[in-house]
Amino acid sequence: MNEGILIVISGFSGAGKGTLVKELLRTYDNYALSISMTTRAPRAGETDGREYFFTSREVFEEKIAQNGLIEYAEYCGNYYGTPRDYVERQLADGKDVILEIEIQGMRKVRRMFPKMLPLFVTPPSAAELKQRLRGRGTESPEAIAGRLSAAVREAEGIGDYEYLVINDDLRDCVRRVHSLVQAAKQAPFRNEGFINRIGEELRILSKGE
Ligand code: 5GP
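Residues numbered from 1 in each chain as written. Predicted model: local features only at pLDDT ≥ 70, side-chain atom pairs only at ≥ 80, totals over all residues. Heavy atoms only, no water.

### Remarks on unusual backbone geometry
What you tend to see is this: most non-glycine residues have negative phi, and most peptide bonds are trans. Going by this rule: By the criteria applied, helices consist of DSSP H or I runs no shorter than four residues and strands consist of E runs no shorter than two, each listed in order from the N terminus.
The phi torsion at Asn-67 lies on the positive side, around 60 degrees, for a residue other than glycine. Within the element layout of this structure, Asn-67 appears in the loop between helix H2 (57-65) and strand S5 (69-75). Non-glycine residue Cys-76 carries a positive phi angle of around 45 degrees. In this fold, Cys-76 is placed in the loop between S5 and strand S6 (78-83).

Structure representation (structure tokens):
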């Protein structure tokens, strides 16, 4: 069986990544979503083990020490990290594994998995982003201001991603992301195994003729 690919989806907080990813998982069956560990407090409506594994700084730091995370970063004063076991198991199982993480994490993952596919999701405008953050209704004005100033820095890193995904219409956006993943999986640098095999087969065949 072919190994799956690792897909990193980043984007401003409030860009609609969560909804997009949920819809992607519901629509297609080749994806698996990695659930991160965080020291941030759960928002209203979030459940431990569904959106995140919510934990203390002590437990998080233990996990780092045990090399149990593929990557981790601090964002707006909290730790966020990707548990290693689940990702490695799903990839070996042929699933395309989605990490919904920020840019520092993406850069670390890219060093370890150079074939991963980094996508950046953004709303069509800054005004729309602010509107969505307010509309979520789960955060204080200070937290929203913090997210917006983080977005200014994040916008400077968009050039590091392979594709930009403008999240205007959800269903259309889901289809676009799926097409990008299918196309990316056919890039030669992600198919070294196939290229080596067919090269070898051709050498044998040409000698035998
Ligand atoms: P939020 O608090 O809004 O759920 O997430 C804040 C930011 O942390 C988002 O940009 C989200 O993508 C990112 N994030 C979530 N999980 C991880 C993770 O495991 N690692 C890293 N590096 N970033 C994460």
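### A word on the sheet that holds strand S1 (residues 6-11)
Which entries qualify depends on this criterion: Strands qualify as paired when DSSP identifies two bridges or more between them. Note on definitions: angles span 0 to 180 degrees between N-to-C directions of axes, and those axes are lines fitted to C-alpha atoms, for helices only across the stretch in contact. Whether two residues are in contact is decided by their heavy atoms, any of which lying within 4.5 Å being enough.
As summarised here, the arrangement of the 5 strands in space is S2-S7-S1-S8-S9, forming an open sheet in which the pairing is parallel. Each edge of the open sheet carries a strand with a single partner, namely strand S2 (31-33) and strand S9 (163-166). Sheet twist, expressed as the mean angle between neighbouring strand axes with direction ignored, is 30 degrees. With 4 bridges joining them, S1 and strand S7 (residues 96-100) adopt parallel strand pairing. Considered in S7, the bridge of Ile-9 is made with Glu-100. On the sheet, helix H1 (residues 17-27) packs against S1, S2, S7 and strand S8 (117-122) and is oriented at approximately 140 degrees with respect to S2. On the sheet, helix H7 (residues 170-184) packs against S1, S2, S7, S8 and S9 and is oriented at approximately 165 degrees with respect to S9.

### Some remarks on the site of the ligand
In plain terms, the rule: Here, proximity means that at least one heavy atom of the residue falls within 4 Å of the molecule or strand. Pairing of N or O atoms within 3.5 Å defines a polar contact, subject to two protein rules: one partner must be a possible hydrogen donor and the other a possible acceptor, and residues neighboring in sequence count only if both atoms are side-chain atoms. Areas reported as accessible are Shrake-Rupley estimates using a 1.4 Å probe. Residue values count occlusion only from the protein chains shown. Under the scheme applied here, ten amino acids are nonpolar (Ala, Val, Leu, Ile, Met, Phe, Trp, Tyr, Cys and Pro), four are charged (Asp, Glu, Lys and Arg), and all others, including Gly, are polar. Annotation comment: domain bounds sourced from an automatic or database domain assignment.
Among the 17 residues in the neighbourhood of the ligand, the closest are listed as Arg-40, Tyr-52, Tyr-80, Glu-102 and Arg-147. In this structure, a nitrogen atom belonging to the ligand sits 2.7 Å away from a side-chain N or O atom of Glu-71. Protein chains bury 96% of the 510 Å² of accessible surface belonging to the ligand in isolation. Counting only elements with at least two residues in the shell around the ligand, the list comes to S5 and S6. Residues that form the shell around the ligand fall into these classes: 5 nonpolar, 5 polar and 7 charged. Here the shell around the ligand spans two domains, and each of domain 1 (1-30 + 95-209) and domain 2 (35-93) adds at least three residues to it.

### Points about the pairing of S1
What counts, and what does not: The buried label goes to any residue with under 20% of its type's maximum accessible area, the exposed label to any with over 50%, and the partly exposed label to all in between, with areas taken from a 1.4 Å probe on protein chains only.
Burial analysis of S1 places 6 of its 6 residues in the buried class, which makes it a mostly covered element. Judged from the 5 bridges that link them, S1 and S8 form a sheet pairing that is parallel. Bridging across to S8, Gly-11 finds its partner in Val-121.

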